[in-house]
Amino acid sequence: MFSAFSGIDTHSIRARTPSEAAVKRLDGIGHVLSELDLAGVRTQDDLTRMLLTLDTADKCIRSIRAEFRTEVANDRLAHKAEDLMALIERTRDDLTGCRAPKS
């Protein structure tokens, strides 16, 4: 699932500011989330793994946001974090409300 990061060239994506580095981390989280196969959730174990992945991503996003609570973060960082957290919440609702996984 996290093989999406294997091809990243760390030298070409160096951030100039802490806020820019945080945005790049959020981009990475968004990339991983976009690779999740929601249609492949068929069993309770699949559902559990997917929810754990979503919870972990949410905690990472909250941690990134917490770094900037005392500083003025740029709008791009704030909007990206809010958008990702809303996407995670919608996905969690879709998985737990509309699907009845097979055991």
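Residues numbered from 1 in each chain as written. Predicted model: local features only at pLDDT ≥ 70, side-chain atom pairs only at ≥ 80, totals over all residues. Heavy atoms only, no water.

(A) Region of interest: the nonpolar core. Membership of the largest hydrophobic core comes to 21 residues, with the highest contact counts inside it found for Leu26, Ile29, Leu33, Leu54, Ile61, Leu77 and Leu95. Breaking this core down by element, the ones donating at least two residues are α1 (18-34), α2 (44-66) and α3 (75-97). Here this core gets seven residues from one element, more than from any other, and that element is α2. (Core = buried A, V, L, I, M, F, W, Y, C linked by side-chain atoms within 4.5 Å. Buried < 20%, exposed > 50% of the residue type's maximum accessible area, 1.4 Å probe, protein only. Helix = DSSP H or I, 4+ residues; strand = E, 2+ residues; numbered from the N terminus.)

(B) View of α1. Under the 1.5 Å per step criterion, the end-to-end length of α1 is 24 Å for 17 residues, consistent within 8% with the ideal 24 Å. Residues Ser19, Ala22, Val23, Leu26, Gly28, Ile29, Val32 and Leu33 constitute the buried set of α1. Contacts from the buried residues of α1 go to α2 and α3. (Expected span 1.5 Å × (residues − 1). Contact = heavy atoms within 4.5 Å.)

(C) Spotlight on the packing of α1 against α2. For the pair α1 and α2, interaxial distance at closest approach is 10 Å and the crossing angle is 170 degrees. The angle between α1 and α2 falls in the class roughly antiparallel. Residues Ala22, Arg25, Leu26, Ile29 and Leu33 of α1 lie in contact with α2, whose contacting residues are Leu54, Ala57, Cys60, Ile61 and Ile64. Across the contact of α1 with α2, the residue classes break down as nine nonpolar, no polar and one charged. (Axes fitted to C-alpha atoms, helices over the stretch in contact; angles between N-to-C directions. Parallel < 35°, antiparallel > 145°, perpendicular 65-115°, else oblique. Nonpolar A, V, L, I, M, F, W, Y, C, P; charged D, E, K, R; others polar.)

(D) Representation of the environment of Ile61. Along the chain, the position of Ile61 falls in helix α2. Judged by its relative accessible area of 0%, Ile61 falls in the buried class. Residues Ile61 and Ala81 lie 20 residues apart in sequence; the distance between their C-alpha atoms is 6.3 Å. Non-local contacts of Ile61, meaning those with residues more than four positions away in its chain, are made with Leu26, Ile29, Ala81, Leu84, Met85 and Ile88.

(E) Local environment of the packing of α2 against α3. Packing of α2 against α3 leaves a shortest axis separation of 10 Å and a crossing angle of 160 degrees. Classified by the angle their axes make, α2 and α3 are roughly antiparallel. Both α2 and α3 take part in a crossing whose hand is left-handed. Of the residues in α3, those touching α2 at Leu47, Met50, Leu51, Leu54, Asp55, Ala57, Asp58, Ile61, Arg62, Ile64 and Arg65 are Leu77, Ala81, Leu84, Met85, Ile88, Thr91, Arg92, Leu95 and Thr96. Grouping the amino acids of the contact of α2 with α3 by side-chain chemistry returns 13 nonpolar, two polar and five charged. (Left-handed = near helix turned anticlockwise from the far one by under 90°.)

(F) Representation of the pattern of salt bridges in the model. If you walk through the whole model with that rule in mind, you get six salt bridges. Between Asp27 and Lys80 there is a salt bridge, with its nearest N and O atoms 2.7 Å apart. Residue Asp27 is located in helix α1, and its partner Lys80 is located in helix α3; the two are separated by 53 residues in the primary sequence. The exposure class of Asp27 is partly exposed, given its relative accessible area of 33%. Here Arg92 and Asp55 are joined by a salt bridge, their closest N and O atoms 2.5 Å apart. Of this pair, Arg92 sits in helix α3 while Asp55 sits in helix α2, placing them 37 residues apart in sequence. Here the salt bridges share partners, and the residues they tie into one network are Asp55, Glu89 and Arg92. (Salt bridge = Lys/Arg side-chain N within 4 Å of Asp/Glu carboxyl O.)

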